[in-house]
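# Geometric and topological summary
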Amino acid sequence: MILELHAKNFALFEDIDIEFSDKLNVITGESGSGKSLFLSILKSLLGEKNEFLTEKSEVESRFLISGEEFVINLKISPSRMSARLNGEMITLADLKNHVGGWMDIHNQGISRILKDPKNHTNFVDIFSSNIQDQLKKYRILYNRYVEISKFIKINESTNPETEIENISQEISNIEKFLISDEEYNVIRDEYKRQSGIVDILKMIKETEYLVWGENGIEPILGLVLKDVKEIEKIDKNLPFLKMIEEIKASLMDLKKHITDYANSLEFDQEKLYDLEEKIDQIEKLKRKYGPRLSDVNERLEKLKNRYEQLNEVNIQLKNVREDFKDLTDQMKTIALEIKQMRGLAAEALVKRINENLEDLSMKNAHISFIQKDTDFTQNGKDQIEFTGSMNLGMPETSVSKIASGGEISRLYLAIESSISGNLPISTLVFDEIETGIGPRTSDVVATKMKEISKNTQVIVITHMPQIAAVADRHFKVQKYQSNGSTYSTIKEINGKERQAEIKEMFGKIPNQQK
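The structure contained in this document is the topic of the report that follows.

Criteria and cut-off values
- Along each chain, numbering runs from 1 in the same order as the chain's sequence is written.
- At least 70 in pLDDT is required for a residue's local features to be given in this predicted model, at least 80 for side-chain atom pairs to be given and counted, and no such filter applies to totals for whole chains, interfaces and linings, which use all residues.
- Working from all heavy atoms in the structure, the side-chain values ignore hydrogens and water.
- Strands are runs of DSSP state E lasting at least 2 residues, helices are runs of H or I lasting at least 4, and numbering of each runs from the N terminus.
- Put simply, a salt bridge is a Lys or Arg side-chain nitrogen that is within 4 Å of an Asp or Glu carboxyl oxygen.
- Burial classes follow relative accessibility: with a 1.4 Å probe on protein chains only, a residue under 20% of its type's maximum area counts as buried, one over 50% as exposed, and anything between as partly exposed.
- To get an axis, fit a line to the C-alpha atoms, keeping to the stretch in contact for a helix; angles then go from 0 to 180 degrees between the N-to-C directions.
- We call two directions roughly parallel when the angle between them is under 35 degrees, roughly antiparallel when it is over 145, roughly perpendicular when it lies between 65 and 115, and oblique otherwise.
- For any pair of crossing helices, the crossing counts as left-handed if the nearer helix is rotated counterclockwise from the farther one by less than a right angle, and right-handed if it is rotated clockwise.
- Here, residues are in contact when the closest pair of their heavy atoms is within 4.5 Å.
- A pair of strands is treated as paired once DSSP finds two or more bridges between them.
- Centre distance within 6.5 Å is the pairing criterion for rings of Phe, Tyr and Trp, where only the six-membered ring of Trp is used; planes under 30 degrees apart are then read as stacked, over 60 as edge-to-face, and the remainder as tilted.
- To sit over a ring, a charge needs its Lys NZ or Arg CZ within 6 Å of the ring centre and within 35 degrees of the ring normal.
- Surface patches are drawn from residues lacking salt bridges whose relative accessible area is over 30%; two like charges belong together within 9 Å, two nonpolar side chains (Val, Leu, Ile, Met, Phe, Trp, Tyr) within 5 Å.
- In this description, accessible areas are obtained by the Shrake-Rupley approach with a 1.4 Å probe, and a residue is regarded as covered only by the protein chains that are shown.
- The sign given to each residue is positive for Lys and Arg and negative for Asp and Glu; His and the chain ends receive no count.
- In plain terms, the charge of a residue is placed at NZ if it is Lys, CZ if Arg, CG if Asp and CD if Glu.

### Some words on unusual backbone geometry
- Following Gly290, the chain continues to Pro291 via a peptide bond in cis, the omega torsion being 25°.
- Positionally, Pro291 belongs in the loop between helix H11 (269-289) and helix H12 (293-359).
- Even without being a glycine, Ala11 presents a positive backbone phi close to 55°.
- Relative to the elements of secondary structure, Ala11 occurs in the loop between strand E1 (2-10) and strand E2 (13-19).
- One non-glycine residue, Ser66, lies in positive phi territory at about 50°.

### Thoughts on the pattern of salt bridges
- All told, the structure shown has 26 salt bridges when counted by the stated rule.
- Glu175 is paired through a salt bridge with Lys304; the nearest N and O atoms lie 3.1 Å apart. Remark: Lys304 occurs in helix H12 and Glu175 occurs in helix H6 (residues 160-177); sequence separation between them is 129 residues.
- On the basis of relative accessibility, which here comes to 43%, the residue Glu175 falls in the partly exposed class.
- A salt bridge links Lys286 to Glu283; the nearest nitrogen and oxygen atoms lie 3.6 Å apart. With Lys286 and Glu283 both in helix H11 and three residues apart, the pair spans about one turn of that helix.

### Considering the packing of H6 against H12
- Closest axis-to-axis distance for the H6/H12 pair is 9 Å, and the angle between their directions is 150°. As far as their axial angle goes, H12 and H6 are roughly antiparallel. Classified by chirality, the crossing of H12 by H6 is left-handed. Counted together, Pro160, Glu161, Glu163, Ile164, Ile167, Ser168, Glu170, Ile171, Ile174 and Glu175 of H6 and Val296, Arg299, Leu300, Leu303, Lys304, Arg306, Tyr307, Leu310, Asn311, Asn314 and Leu317 of H12 form the full contact between these two elements.

### Topic: the sheet that holds strand E11 (residues 397-398)
- The strand order E9-E10-E11 describes an open sheet built from three strands, whose pairing is antiparallel. The sheet is open, and its two edges are formed by strand E9 (366-377) and E11, each paired on a single side.
- As judged from the two bridges shared by strand E10 (residues 380-389) and E11, these two strands associate in the antiparallel manner. Across the sheet, the residue bridging to Thr387 is Ser398, located in E11.
- Against the sheet, H12 makes contact with E9 and E10, and its axis sits at roughly 165° relative to E9, the strand it touches most.

### Quick word on the packing of aromatic side chains
- Under the criterion given, the structure shown has nine aromatic pairs.
- Seen in terms of ring centroids, Tyr145 and Phe324 are 5.3 Å apart; in terms of plane orientation they differ by 15°. Their pairing is stacked. Of the two residues, Tyr145 is situated in helix H5 (residues 129-157) and Phe324 in helix H12; the sequence distance between them amounts to 179 residues.
- Relative accessible area serves as the criterion here: at 18%, Tyr145 is assigned to the buried category.
- Given a relative accessible area of 21%, Phe324 falls into the partly exposed group.
- These aromatic residues form a ring-pair network of at least three members: Tyr138, Tyr142, Tyr145, Phe324 and Phe376.
- The ring of Phe376 has Lys381 lying over it, and the distance from NZ or CZ to the ring centre is 4.8 Å.

### Here we look at a positive patch on the surface
- A grouping of Lys49, Lys56, Lys75, Arg80 and Arg84 is seen on the molecular surface, where their side chains present a positively charged patch.
- Given a relative accessible area of 53%, Lys49 falls into the exposed group.

Structure follows, in C-alpha cells:
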C-alpha cells in the first residue's frame, strides 16, 4: 500500500504532503478544483507523463509491500522523467512494472489488472481454496519442470554427443603422435643420422682411400718402416722403430673399426620416411597447440577433462529425459484436475459477479467466461478469460476490450466483492465510479468499497457523499488564486470541516456518516 505522497511544483499543486490510511481513503472537491490533476500525480508513479507540466516537478512516495518499505523518487520536466527506487536509478519500464504490481488505477478505460487475461485466472483461483491447494502441489512439479527444461535446452543446444565425438577424435589424434621431449630428441637425432648416412659412407670411402689407397698413409708408412728397418741394421740403438710399427698396427685396427662401422650403417628409406612423418605430425601438434610439447600435453588434459564433463552431462541428459516424461505425466494429471475445478469455480464466480453487478445498477450487464487450453504454465494447462456485455443487445466480447470507465470500475468492484477482497494488488485507485448510478446504488457502492478496504487499501476520487461518509481518511482538493496565479491544494479534513464537506455533498449530514 501507499503510505505517503509528496509532490512539489506539479502543475497547480505547489506542495503536497499527505499520509494515507491503509483502508478507505476518499478525495473530494468541486469540479475543476484539481482532483484529476491529483490523479495524474498517482499515474506518474506508473511512469505516465503529464502534458500540462511546464516546469520541473518532484514526486516522492513511500510504499509498504509485504512488510518491506519502498521509496519512489521522480523528477519530471516537460520533456523527460527520471525515477529512483530506494535511491537507485531505474527505467520507466521498471517503474511501471514495480508500482503496477502494487497499485491499480481505475478511471477512463480498462484497468491494468482486468486487461491481462492471466489475472482472470487468478480471480478464479483465489475464489476457490481447493484450486489453491492443488496449485501448491502442481507448482512444486512445475518448478522442477522449469529447471529440467532449462537444463535440457541449454545442454541440447550445445549438442554434447557431437562435441563428445569431436573431442574423442581430437584426443585420439594427439595421443597417436604425442611423445615426451626426450623421445622427440631421440627421433630427431635418428632422423638426422638416417638422412646423413649417404654422406657418412662417402666420407668413409674418402678416409679409406687417404689412409689405405695407392698413395695413402698406410702404404707410405710401409715404405718408411722398410727404410727404418734398414737403418736399424746399421744402428741397433734406433729409438723409433717400435713406434712406427705400433702406428702401422693401429692403422690396421682403425681399418677394422671403420669397416665395421660402415657395415653397421644400413640406410633404410622406409624408416626415414616413417621418422619424417612422425616429426611432421609432432610439429603440426606444436603449431596447433604449442609452441612446446608441454603446451600440447596441457591441451590434451583439458580435452580429457571436457570429455569427462560432457559424458556426465550426456548421462544426466538421458536420465533427465526419462524423469521429464514421468514429471510431465504427473503434471498433466494434476493440471486436468485443476482445469475441471477451475471450470466449476468460474461458473460460481461469474454467477456471484453478475449478482453484484445487479446490486450496482448494472442489470443489463452480463459476465461469462471462456476456458482455453495452454502449454504448461505456473497456473496449469488452461486459462480463464472473462467475457461479457455491459449493455442490452451488445455482443459479448473480452472484458479486456470493454472501455467505459465507470462501468469497468463497477465491474472491478463486483469482482473484488465476489472474492472477498483478495485481489493480487495492495492499492486500488477509483475515479468516476459514480458515473451513471443513482443514490440507492451509491449506498451499495459505498458498502462494497468499505468491505473491500478491510483487505486492500482503497483510494477513491469521487463526488459520492456515501463513500466520503464511510471513509477512514478524507482529503479535500481546493483551488485558489494568489498574486494573479491559480493554485490547487489538498489536505486531510476532520471533524466539523469534514462534516460540512459531506453535508454539502449530501445536502445534509447523513445518518451513516462516521
